[in-house]
Amino acid sequence: MKKGVMRPGHVQIRVLDIEEALAHYRDLLGLIEIDRDDQGRVYLKGWTEVDKFSVVLREADSAGMDFMGFKVLSEAVLESLRGELAEFGCEIEDIAAGELNGCGRRVRFQAPSGHFFELYATKEQTGKWGLTERNPEAWPRDLKGMKATRFDHCLLYGTHLDKTWELFRDVLGFDMAEQVLTPDGTRVAQFLTASMKAHDIAFIDHAEPGKFHHASFFLETWEDVLRAADLISMTDTSIDIGPTRHGLTHGKTIYFFDPSGNRNEVFCGGDYHYPDHPPVTWDADQLGKAIFYHDRVLNERFLSVLT
């Protein structure tokens, strides 16, 4: 049942050197730098995104994800979900409006997987980059690099997938779009959506809680993904795998690393999901084909390199 969560809103990523990170996220990936704050954090967005920012970079001693935020329909929905999160047993942290530039109050909580998430209802809207709201052109002419259109989802590795699914299903109103099951029925991967997308957040079972696998950004075409691969080689950027296709979601993809070791994905295509669709199920012994449809095997980096 839908509970008022609209979409992924932002992710805050820890990087080891902010200027190296900007050369990657702004100049190579093509996100647009929007703002900086007195903590030294840098705010970026994809060119189609209406809200002020979707990616926040924070310089730190270790790489990884601080938190992922979801935007909800209204302040009233935010307050209602806050109560449901507390009733579920989540420890709540209330964060005042303005702690992130241009963002309203946020409700932060830790999922059973070990990751921190937050909900918010209000964020300054600056519009699609370089386009007017009335009679807009097809695209802005000053885009850089891969020309990422939007922050799309995160894949996270952690513990207690069943309890995490209960939280996202019963409290936040997500659907299960796809899953990977072992022969005894244990779910080892789950792809969850609050929309019609193939997934807005995904989890893979892992012995250590709270690990970050990747943040993903949407491109429009397969040609764009191939061009991204060219740019990865042109800049000697560390690559994980691709270009290739997923079995899960059927998106066309390439994975690569930022200078701090955080994994990124750019992809195009992918399936859609309606609430009456049963989850697509993959058998665990087909996981290689599910993740990398062409190679049909998982490389060691995909399983072990986490931040």
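Preceding this paragraph is the structure being described.
**Structural notes on a nonpolar patch on the surface**
Thinking step 1. A grouping of Met196, Tyr272 and Tyr274 is seen on the molecular surface, where their side chains present a nonpolar patch of about 340 Å² in accessible area.
Thinking step 2. Mapping Tyr272 onto the fold places it in the loop between strand E16 (263–268) and strand E17 (280–283).
Thinking step 3. When its relative accessible area of 54% is taken as the criterion, Tyr272 is described as exposed.

**Here's the deal with helix H3 (residues 161–171)**
An α-helix turns once per 3.6 residues; consequently, residues spaced three or four apart project the same way.
Thinking step 1. Residues Leu161, Thr164, Trp165, Leu167, Phe168 and Val171 constitute the buried set of H3.
Thinking step 2. With its phi angle positive at about 80 degrees, Gly173 sits one or two positions after the end of H3.

**Side note on the packing of aromatic side chains**
The description of an aromatic ring pair rests on the distance of the ring centres and on the angle between the ring planes.
Thinking step 1. Under the defined criterion, the tally for this structure stands at 12 aromatic pairs.
Thinking step 2. Between Phe151 and Phe217, the ring centres sit 6.0 Å apart and the planes meet at 55 degrees, which makes this aromatic pair tilted. A residue pair is termed long-range when its members are at least 10 positions apart, and Phe151 in strand E9 (residues 150–158) and Phe217 in strand E13 (residues 211–218) qualify at 66 residues. This pair shows no difference in class: Phe151 is buried, exactly as Phe217 is.
Thinking step 3. With centroids separated by 5.6 Å and ring planes inclined at 75 degrees, the aromatic side chains of Tyr272 and Tyr274 adopt a geometry described as edge-to-face.
Thinking step 4. By relative accessible area, which is 37% here, Tyr274 ends up partly exposed.
Thinking step 5. Through a chain of ring-to-ring contacts, the aromatic side chains of Phe70, Phe109, Phe117, Phe168, Phe174 and Phe203 assemble into a single cluster.
Thinking step 6. Positioned above the aromatic ring of Phe53, the side-chain terminus of Lys123 is 3.9 Å from the ring centre.
Thinking step 7. One Lys or Arg, Arg150, reaches over the ring of Phe218 and ends 4.3 Å from the middle of that ring.

**Overview of the pattern of salt bridges**
Thinking step 1. Overall, the coordinates contain 29 salt bridges when judged by the stated rule.
Thinking step 2. Ionic pairing is found between Asp66 and Arg14, a salt bridge with its closest N-O pair at 2.9 Å. Remark: Arg14 occurs in strand E1 (residues 5–15) and Asp66 occurs in strand E5 (residues 64–72); sequence separation between them is 52 residues.
Thinking step 3. Residue Asp66 is classed as buried on the basis of its relative accessible area, which comes to 16%.
Thinking step 4. Residue Glu19 pairs with Arg36 through a salt bridge whose shortest N-O separation is 3.5 Å. Separated by 17 residues along the polypeptide, Glu19 in helix H1 (residues 18–28) and Arg36 in strand E2 (residues 32–36) bring together distant segments of the chain.
Thinking step 5. Overall, the relative accessible area of 45% leaves Glu19 in the partly exposed class.
Thinking step 6. Taking the relative accessible area as the measure of exposure, Arg36 reaches 39% and is therefore partly exposed.
Thinking step 7. Through salt bridges that share partners, Asp37, Arg41, Glu93, Glu99, Arg106, Arg108 and Glu118 make up one connected network.

**Some thoughts on a negative patch on the surface**
Thinking step 1. Taken together, the side chains of Asp17, Glu20, Glu59 and Asp61 present a region of like negative charge at the surface.
Thinking step 2. Considering the arrangement of structural elements, one finds Glu20 in helix H1.

**Focus: the side chain of Asn264**
Thinking step 1. Examined against the element boundaries, Asn264 turns out to sit in strand E16.
Thinking step 2. Given the relative accessible area of 0%, Asn264 is considered buried.
Thinking step 3. Polar contacts involving the side chain of Asn264 include one to the side chain of His24, which spans 2.6 Å.
Thinking step 4. One polar contact links Asn264 to Tyr25, side chain to side chain, over a distance of 3.3 Å.

**Regarding the sheet that holds E16**
Thinking step 1. One open sheet accounts for 9 strands, arranged E14-E15-E16-E13-E9-E12-E11-E10-E17; its pairing is mixed. Single-partner strands in this sheet number two, and they are strand E14 (239–245) and E17. Shown here is a sheet whose adjacent strand axes are inclined to one another by a mean of 15 degrees, direction ignored.
Thinking step 2. Bridge analysis of strand E11 (residues 187–193) against strand E12 (residues 201–205) gives 4 bridges, and the strand direction is antiparallel. In the sheet register, Gln190 faces E12, and the bridge partner there is Phe203.
Thinking step 3. Against the sheet, helix H4 (residues 222–234) touches E14, strand E15 (252–257) and E16, its axis set at about 20 degrees to E15.

**Side note on the environment of Val55**
Thinking step 1. Examined against the element boundaries, Val55 turns out to sit in strand E4 (residues 55–59).
Thinking step 2. Separated by 20 residues in sequence, Val55 and Glu75 place their C-alpha atoms 22 Å apart.
Thinking step 3. If we skip the residues at most four places from it in the chain, Val55 touches Val11, Ile13, Leu31, Val42, Tyr43, Leu44, Phe151 and Phe217.

Conventions adopted
Residues numbered from 1 in each chain as written. Predicted model: local features only at pLDDT ≥ 70, side-chain atom pairs only at ≥ 80, totals over all residues. Heavy atoms only, no water. Patch = residues over 30% accessible without salt bridge, like charges linked within 9 Å, V, L, I, M, F, W, Y side chains within 5 Å. Areas by Shrake-Rupley, 256 points an atom, 1.4 Å probe, with all protein chains shown as cover. Salt bridge = Lys/Arg side-chain N within 4 Å of Asp/Glu carboxyl O. Helix = DSSP H or I, 4+ residues; strand = E, 2+ residues; numbered from the N terminus. Buried < 20%, exposed > 50% of the residue type's maximum accessible area, 1.4 Å probe, protein only. Phe/Tyr/Trp six-rings, centres within 6.5 Å; stacked < 30°, edge-to-face > 60°. Lys NZ or Arg CZ within 6 Å of the ring centre and 35° of its normal. Lys, Arg positive; Asp, Glu negative; His and termini not counted. Charge placed at Lys NZ, Arg CZ, Asp CG, Glu CD. Polar contact = N/O pair within 3.5 Å; in protein donor to acceptor, adjacent residues only side chain to side chain. Pairing = 2+ DSSP bridges. Axes fitted to C-alpha atoms, helices over the stretch in contact; angles between N-to-C directions. Contact = heavy atoms within 4.5 Å.

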